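Architecture and fold: a report
Residues per chain are reported as follows:
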Amino acid sequence: TSADGKYWVGFGMKGKLFEDPAPQKALLWIDGVPHELPWPELNYRNEEAWYGGMARGISANGEIIYGTSWENYDFGMLYWKNNGANTEKPQWVGKDVREVGTVKRTREDGTEYDYTCVNGIICQAWNTQVSPSGKWIAGRYRKEFDPETKQEIETEEYAAFYNTETEKTVIVEDYGASGGKFVTDDGIAFITLGTFGVSVGKVYDLNTGTDLGDTADWINKQYGITIPTGYI
């Protein structure tokens with residue numbers, strides 16, 4: 001919800017899976033009244049949407065909504081600028097670094113087929129990815145193919161942060177496999193190390209590209225809160 005409770009976001013089903021196009025719908029409630037958010041014509045892999053997606057979170061001021069496509073392994077991250085019931089179609093988070101390409105895959109019988117790979121920003125079931133004013137959105141940049149050779153690669157994932165005002169993305173490769181978890185309006189980013197079973201993280205200044213230390217230490221210095229184990 002937004003800080004004042006005026007806006008809620010989420011999702012619901014409208015239709016039958018595999019029978020109706022994109023039956024899972026992203027929703028925006030305004031003062032308790034639900035509205036269906038528009039969806040892109042093509043999904044994360046530039047194909048016709050067959051499952052749809054959801055709205056995951058909203059900035060505290062209610063101006064920026066973000067969500068995910070939810071088809072197979074996609075998890076493509078998108079965002080809406082909240083204009084109430086007349087909200088326009090969403091844009092892909094990190095559209096400035098997004099690349100789409102066709103690669104060849106081989107079936108078990110040896111025959112080849114075309115598969116669409118995407119280098120772009122993804123989001124899974126994460127509900128706190130946007131800064132209070134909506135200026136920054138945190139996510140994970142997933143690279144699936146080499147755009148020069150058009151060859152599929154072993155997936156690489158890095159913390160990434162998208163500025164909705166400049167429409168530019170900062171990808172942080174300093175820590176290897178990682179994810180963007182939270183971010184403040186003034187560009188202080190919180191990064192989880194690893195992509196599964198995460199227990200530690202880093203604090204990073206997006207403005208200067210500076211490591212500000214371990215998350216637990218930073219929280220202790222800023223707020224006097226001791227975290228004995230795990231990642232917050």
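What counts, and at which threshold
Residues numbered from 1 in each chain as written. Predicted model: local features only at pLDDT ≥ 70, side-chain atom pairs only at ≥ 80, totals over all residues. Heavy atoms only, no water. Pairing = 2+ DSSP bridges. Helix = DSSP H or I, 4+ residues; strand = E, 2+ residues; numbered from the N terminus. Phe/Tyr/Trp six-rings, centres within 6.5 Å; stacked < 30°, edge-to-face > 60°. Buried < 20%, exposed > 50% of the residue type's maximum accessible area, 1.4 Å probe, protein only. Core = buried A, V, L, I, M, F, W, Y, C linked by side-chain atoms within 4.5 Å. Contact = heavy atoms within 4.5 Å. Salt bridge = Lys/Arg side-chain N within 4 Å of Asp/Glu carboxyl O. Patch = residues over 30% accessible without salt bridge, like charges linked within 9 Å, V, L, I, M, F, W, Y side chains within 5 Å. Areas by Shrake-Rupley, 256 points an atom, 1.4 Å probe, with all protein chains shown as cover. Lys, Arg positive; Asp, Glu negative; His and termini not counted. Charge placed at Lys NZ, Arg CZ, Asp CG, Glu CD.

Here 5 bridges tie strand 13 (residues 178-183) to strand 14 (residues 188-193), and the two strands are oriented antiparallel to one another. Residue pairing across strands places Ser178 opposite Leu193, the latter belonging to strand 14. Connecting the antiparallel pair strand 13 and strand 14 is a turn made up of 4 residues, with Gly187 showing a positive phi of about 85 degrees.

Scanning the entire structure with this criterion turns up 12 aromatic pairs. Residues Tyr79 and Tyr162 carry aromatic rings whose centres are separated by 5.5 Å and whose planes lie at 55 degrees to one another, so their mutual orientation is tilted. Of the two residues, Tyr79 sits in strand 6 (residues 77-81) while Tyr162 sits in strand 11 (residues 151-163), which places them 83 residues apart along the sequence. The same class applies to Tyr79 and to Tyr162, which are both buried. Taken together, the ring pairs connect Phe182, Phe190, Trp218 and Tyr223 into an aromatic cluster.

Counting residues in hydrophobic clusters, the biggest one holds 19 residues, and the most contacted among them are Leu28, Leu37, Ala55, Ile65 and Trp80. Elements represented by at least two residues in this core include exactly strand 1 (7-13), strand 2 (24-30), strand 4 (53-58), strand 6 and strand 9 (112-122). Residue contributions to this core peak at 3 residues, all from strand 2. Ignoring anything within four residues of it in the chain, the contact list for Leu37 reads Ala26, Leu27, Leu28, Ala55, Ile65, Trp80 and Thr87.

Let us now look at the sheet that holds strand 4. With antiparallel pairing, the 4 strands of this open sheet are ordered in space as 4-5-6-7. Since the sheet does not close on itself, it has two edges, and those belong to strand 4 and strand 7 (91-92), each with one partner. Bridge count for strand 6 against strand 7 is 2 bridges, and the pairing is antiparallel. Residue pairing in the sheet places Tyr79 in a bridge with Gln91 of strand 7.

Before going further, it helps to spend a moment on the pattern of salt bridges. Two side chains carrying opposite charge are able to pair once their charged atoms lie near each other. Under the counting rule described, the total for this entry stands at 12 salt bridges. Several salt bridges share partner residues, and in doing so they unite Arg45, Asp74, Arg142 and Glu144 into one network.

A cluster of acidic residues, Glu154, Glu156, Glu173 and Asp174, forms a negative patch on the protein surface. As for its placement among the helices and strands, Glu156 is situated in strand 11.

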